[in-house]
Structure formats: C-alpha cells, structure tokens
Amino acid sequence: MAAPLLTHDDRHSPGVVKIRKHLEAELESLRKYNDKSRPEGQTEFTRGEIARVKAIIALCEEPKKPAAE
C-alpha cells in the first residue's frame, strides 16, 4: 500500500482545513445542481465534477487502518 499523499499534520493544517471546507461547500452545491432536471450531457459532466471533488476531499481524510487479523 502506498503512503498517503498528506501527513497527519498536513491534513490538519489551517490551509488544508480551509480548502476542505471550500470543497465540501462546492460538493454540496454540485449535488443540489445535479438534483435538477438537466440534459444528459450536463448531468454526466456534473457527476464527473462531483467525483473529482470527492476524490480531492478523500486526500484530506485520515487513512483507514488495516483490519487486525
């Protein structure tokens, strides 16, 4: 398993916390936008944007510890 991109200290730094809050607000906005009736192309694009934002937010989360055997 590869090492996480960000360390624990990185994830809790003021800058990363601000970026994460911004991305979470953007994600909420995209989800609300996606709930409206749109042409298929716009819906696909919006879903892609949601996936992109979620992937970036995931970088800021604590890595899951492997289950003990």
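Residues numbered from 1 in each chain as written. Predicted model: local features only at pLDDT ≥ 70, side-chain atom pairs only at ≥ 80, totals over all residues. Heavy atoms only, no water.

## Here we look at the nonpolar core
Point 1. Leu-23, Leu-27, Leu-30, Ile-50, Val-53 and Ile-57 together form the largest nonpolar core, which totals 6 residues.
Point 2. Elements with a contribution of two residues or more to this core: helix H2 (14-35) and helix H3 (40-59).
Point 3. Contact partners of Leu-23, with chain neighbours within four places excluded, come to Val-53, Ile-56 and Ile-57. (Core = buried A, V, L, I, M, F, W, Y, C linked by side-chain atoms within 4.5 Å. Buried < 20%, exposed > 50% of the residue type's maximum accessible area, 1.4 Å probe, protein only. Helix = DSSP H or I, 4+ residues; strand = E, 2+ residues; numbered from the N terminus. Contact = heavy atoms within 4.5 Å.)

## Quick look at a nonpolar patch on the surface
Point 1. Taken together, Leu-5, Ile-56 and Leu-59 make up a surface patch of nonpolar side chains, about 270 Å² in accessible area.
Point 2. Inspection of the secondary structure puts Ile-56 in helix H3.
Point 3. Ile-56 sits in the partly exposed class, given a relative accessible area of 31%. (Patch = residues over 30% accessible without salt bridge, like charges linked within 9 Å, V, L, I, M, F, W, Y side chains within 5 Å. Areas by Shrake-Rupley, 256 points an atom, 1.4 Å probe, with all protein chains shown as cover. Salt bridge = Lys/Arg side-chain N within 4 Å of Asp/Glu carboxyl O.)

## Points about H3
Point 1. Taking 1.5 Å of rise per residue, 20 residues should cover 28 Å, and H3 covers 29 Å from first to last C-alpha, within 8% of that figure.
Point 2. The set of residues buried in H3 consists of Thr-43, Thr-46, Glu-49, Ile-50, Val-53 and Ile-57. In a view along the axis of H3, the buried residues occupy a sector of 125°, so they form one face of it.
Point 3. Tucked into the core, H3 has its buried residues touching H2. (Expected span 1.5 Å × (residues − 1). Arc of directions from axis to C-beta.)

## Things to note about the side chain of Thr-43
Point 1. Turning to its location among the elements, Thr-43 is positioned in helix H3.
Point 2. What makes Thr-43 buried here is its relative accessible area of 10%.
Point 3. Beyond its immediate stretch of four places on either side in the chain, Thr-43 contacts Asn-34 and Arg-38.

## Details of the confidence of the model for the protein chain
Point 1. For the protein chain, mean pLDDT is 90; residues scoring 70 or higher make up 94% of the total.
Point 2. Least confident of the elements in the protein chain is helix H1 (residues 8-11), whose mean pLDDT is 90; most confident is H2, at 96. (pLDDT = per-residue confidence, 0-100.)

## A word on H2
One turn of an α-helix holds 3.6 residues; hence residues three or four places apart share an orientation.
Point 1. Over its 22 residues, H2 runs 32 Å from end to end, which matches the ideal 32 Å to within 8%, given 1.5 Å per residue.
Point 2. Those residues of H2 that fall on the buried side of the exposure criterion are Val-16, Leu-23, Leu-27 and Leu-30. Mapping the buried residues of H2 onto a view down its axis gives an arc of 70°, with all of them on the same face. For H2, exposure combined with an orientation more than 90 degrees from the buried face picks out Pro-14, Lys-18, Lys-21, His-22, Lys-32 and Asp-35.

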